[in-house]
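Residue-level structural notes
For reference, the chains in residue letters:
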Amino acid sequence: ALQETRMKLTISEESRRHSTNEAKILSERLKNETTLRQEIARSLEDTKNALELSEDRWNSSLRELESRSKELANVKLLHQKSLTALEDIRKRHGIEHERYQKEISSLSEALEEKNKLAGSGNSTTSRVRPKSRSFSPSSRG
């Protein structure tokens, strides 16, 4: 009976050591899994923060793009107004140029008549012929 009790005690001791070893292994696994979960949680938090930062940058870039788009629209509008004003100036210049050309022609003819009349009575009168000039905005001051 003592032998049997010793045998049971040995089996019980081995079982206890085995259980202790299993408990240590399970404890180590649990610790590793907990560490891994913490690392995953930190990684997810970092990823979330990076995405939020990226979204902020994206929104900022979008606002900047919208602002520049408005500026460009204003520049286009000013450019169109400038082109229209330039075209108006060209038309006015053309009309004024025609009027000046007619005036010059008329004065030229009158001067020729005067020179003819003066030339037939007095040979000392010098004949003056006006130069035909093109008028441009820069020559008018």
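First, a word on what this report is: a plain description of the structure on this page.

Quick notes on the rules
Residues numbered from 1 in each chain as written. Predicted model: local features only at pLDDT ≥ 70, side-chain atom pairs only at ≥ 80, totals over all residues. Heavy atoms only, no water. Helix = DSSP H or I, 4+ residues; strand = E, 2+ residues; numbered from the N terminus. Buried < 20%, exposed > 50% of the residue type's maximum accessible area, 1.4 Å probe, protein only. Areas by Shrake-Rupley, 256 points an atom, 1.4 Å probe, with all protein chains shown as cover. Patch = residues over 30% accessible without salt bridge, like charges linked within 9 Å, V, L, I, M, F, W, Y side chains within 5 Å. Salt bridge = Lys/Arg side-chain N within 4 Å of Asp/Glu carboxyl O. Phe/Tyr/Trp six-rings, centres within 6.5 Å; stacked < 30°, edge-to-face > 60°. Lys NZ or Arg CZ within 6 Å of the ring centre and 35° of its normal.

1. Some remarks on the overall build of the protein chain
Looking only at helices and strands, one finds one helix and zero strands in the protein chain. Counting over 141 residues, the protein chain shows a buried share of 3%. Total accessible area on the protein chain stands at roughly 13,000 Å², and carbon and sulfur atoms take up 55% of it.

2. Some details on a nonpolar patch on the surface
Residues L36, I40 and L44 make up a contiguous nonpolar surface patch of about 300 Å² in total accessible area. Looking at where I40 falls in the secondary structure, it is placed in helix 1 (residues 2–121). According to the relative accessible area criterion, I40 is partly exposed, its value standing at 45%.

3. So, the pattern of salt bridges
Considering all chains together, one arrives at seven salt bridges under this definition. Residue E52 is joined to K48 by a salt bridge in which the shortest nitrogen-to-oxygen separation is 3.9 Å. Pair noted here: E52 and K48 are both in helix 1, with a separation of four residues, about one helical turn. We note a salt bridge from R68 to E64, for which the minimum N-O separation is 2.6 Å.

4. Focus on the packing of aromatic side chains
Scanning the entire structure with this criterion turns up zero aromatic pairs. The side chain of R99 reaches across the aromatic face of Y100, ending 5.2 Å from its centre.

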